[in-house]
Amino acid sequence: MSLLLGDSWAPVTSEVGFIEGDASELAAFHARWLDGLAAASSERPTQVTELSGALETNLAALLPLTKPLRQRFLFQSTDSAWTAYFDNGTPFADAASLSRVARDVGCRAVRVVAIVDSGPSAPRRGAAIWELYGPTKTEFLNYVRTVSLANDGGKWRFDVGGTPQPFEETERYQAKRMRDRFDVEMLERYLGALGIRAFDESFYVGSGWLVDAYRDAMARNVEVTLAEARGALGLDTGPA
Amino acid sequence: MWLLRRTGDPSRRANFGRKMSEPGESWEFSFDAFQFPACRACNEYGANLEERTAPIVAKLLSDGELSARAAEPVVRIWGSGAVSGTAEPKSRSATRNAQCQADIAASQAQGCTDFRVNQQQVDANGVRVGTNRPDVQSTDPNGTRQYQEYDTRSSGRGPAHGTRIGNNDPAGATTLLIVP
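Everything numeric here is computed off the predicted structure, so don't read it as measured data.

Caption draft 1: Structural context of empty space enclosed by the protein. Enumeration according to the criterion identifies four cavities of 30 Å³ or more in this entry. For the largest cavity, the calculated volume is near 190 Å³. What lines the largest cavity is a set of 18 residues, and nearest its centre among them are A:W33, A:L34, A:F73, B:G111 and B:T113. At the level of elements, α1 (23–35) and β5 (82–87) of chain A are the ones that each hand at least two residues to the lining of the largest cavity. Residue contributions to the lining of the largest cavity peak at three residues, all from α1(A). Grouping the amino acids of the lining of the largest cavity by side-chain chemistry returns eight nonpolar, five polar and five charged.

Below, the structure is given as structure tokens:
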């Protein structure tokens, strides 16, 4: 199977999020929240800009990538009730932060990580992670369900938590070989059951909303081009 | 020899017991000069084992990656299951679990990102800096990596964990929390 945009925008598209709600409203909500943080810059308020290009064009507005703090966030409309979330963090985005959004807005949100493993000595560690967040408290924060297979420092680790959903292929979790318990194909089917076609470019239609939130602490940020970020993971330079 | 060097001055003097013939006196030798008596077969076996174990210990001490196959000599000697890598449970007690979740929620509300719970240590730039697993890690809005270790009053392991976290990431901030 092929990942989003043929994985040519990895690592930007390696970790993405989905939130139930309107993209423009979620972007505005996120901007207000960022402005309310104690570390917000008083000199440069957060800006929200509508982007009407194709997905790749809108993703390009996130560049350059920055670390350790994220400055730009993209809330992209889809052909469903879900809004896609991308950010300019490197080495990866932080879609787990959507658990807070789900709690504050009162909706569901999903974190998706899909990374092809490049081998035992390669810098890119594989992962297939699916996390579903809800509006209310659960056994762990507001995490409804988590299924994760990840190469954590050279060792594969499989974890499940929360309440199994009806569409899950739970029998696979018993597979003898850990890497057979969950994979990107299963992840795609789980997302499909929720109405999310994460790896299908045609899913992302309509406007995107870019949130640009500069803070004083970002003066110490390091900027990284997409080609550099891909190079660090042993990938080709990606889109020109 | 490498073990002697790892544990201090190789020529430090060590006490090997009292001299029965001279009351009040003891047998003292420089460690690197002392030879433990053993047959040739045992000596060769021990030397071989020592040579194979040295890089494993070096990797462990530097938090390097270590496969189960590579660590086989250590596992055989000490019979330890540590290499199997059984993860520590996310919570050892309901109190600690509740405190941990409350702290995560509060940190999220303050703008912290990149949380890792009971996962290998990663610094603010996303670089893996240790194979130890801090209880909670996140990056605050100023870009400082924050580490939280939850410990019980009777455990006493918190300070050691904190020292290791700090050594792995001197730019980070570690908080040790005592929970009932």
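Back to the text.
Caption draft 2: Highlighting the sheet that holds strand β9 (residues 155–162) of chain A. Residues and elements named next belong to chain A. The strand order β2-β10-β4-β5-β1-β6-β7-β8-β9 describes an open sheet built from nine strands, whose pairing is antiparallel. Where the open sheet ends on each side, the last strands, each with one partner, are β2 (47–51) and β9. Going across the sheet, the axis of each strand differs from the next one's by a mean of 15°, ignoring polarity. In this sheet, strand β10 (residues 208–212) lies alongside β2 in antiparallel orientation, the contact comprising five bridges.

Caption draft 3: Inspection of the pattern of salt bridges at higher detail. Scanning all chains against the criterion turns up 21 salt bridges over all chains. When the shortest N-O distance is used, the salt bridge between A:D180 and A:R177 registers 3.2 Å. Overall, A:D180 belongs to the partly exposed group, its relative accessible area being 32%. Through salt bridges with shared partners, one network takes in A:D152, A:R157, A:D159, B:R116, B:R128 and B:R133.

Caption draft 4: Expanded view of the pairing of β10(A). Residue and element names in this part refer to chain A. The buried count for β10 comes to five of five residues, which makes it a mostly enclosed element. Neither face of β10 is left uncovered, since the one carrying G208, L210 and D212 and the one carrying W209 and V211 both have all their residues buried. Judged from the five bridges that link them, strand β4 (residues 72–76) and β10 form a sheet pairing that is antiparallel. Among the inter-strand pairings, F73 is bridged to a residue of β10, identified as V211.

Caption draft 5: Main features of the nonpolar core. All names here are of chain A. Core analysis: the largest hydrophobic core is formed by 43 residues, its most contacted members being F18, F86, V110, W130 and F182. Ranked by residues supplied to this core, first place goes to helix α4 (residues 184–193) with five residues. What F182 contacts, discounting residues up to four positions off in sequence, is A128, I129, W130, V147, L149, F158, L187 and Y190. By size, the runner-up hydrophobic cluster in this structure holds 31 residues, among which are W33, F73, L98 and Y133.

Cut-offs used in this document
Residues numbered from 1 in each chain as written. Chains lettered and ligands numbered in written order. Predicted model: local features only at pLDDT ≥ 70, side-chain atom pairs only at ≥ 80, totals over all residues. Heavy atoms only, no water. 1 Å grid on protein atoms, 1.4 Å probe; cavity = no way out; pocket = protein on both sides within 12 Å on 5 of 7 lines; lining within 4 Å. Points joined across faces, edges and corners; volume = space filled by probe spheres on them. Helix = DSSP H or I, 4+ residues; strand = E, 2+ residues; numbered from the N terminus. Nonpolar A, V, L, I, M, F, W, Y, C, P; charged D, E, K, R; others polar. Pairing = 2+ DSSP bridges. Axes fitted to C-alpha atoms, helices over the stretch in contact; angles between N-to-C directions. Salt bridge = Lys/Arg side-chain N within 4 Å of Asp/Glu carboxyl O. Buried < 20%, exposed > 50% of the residue type's maximum accessible area, 1.4 Å probe, protein only. Core = buried A, V, L, I, M, F, W, Y, C linked by side-chain atoms within 4.5 Å. Contact = heavy atoms within 4.5 Å.

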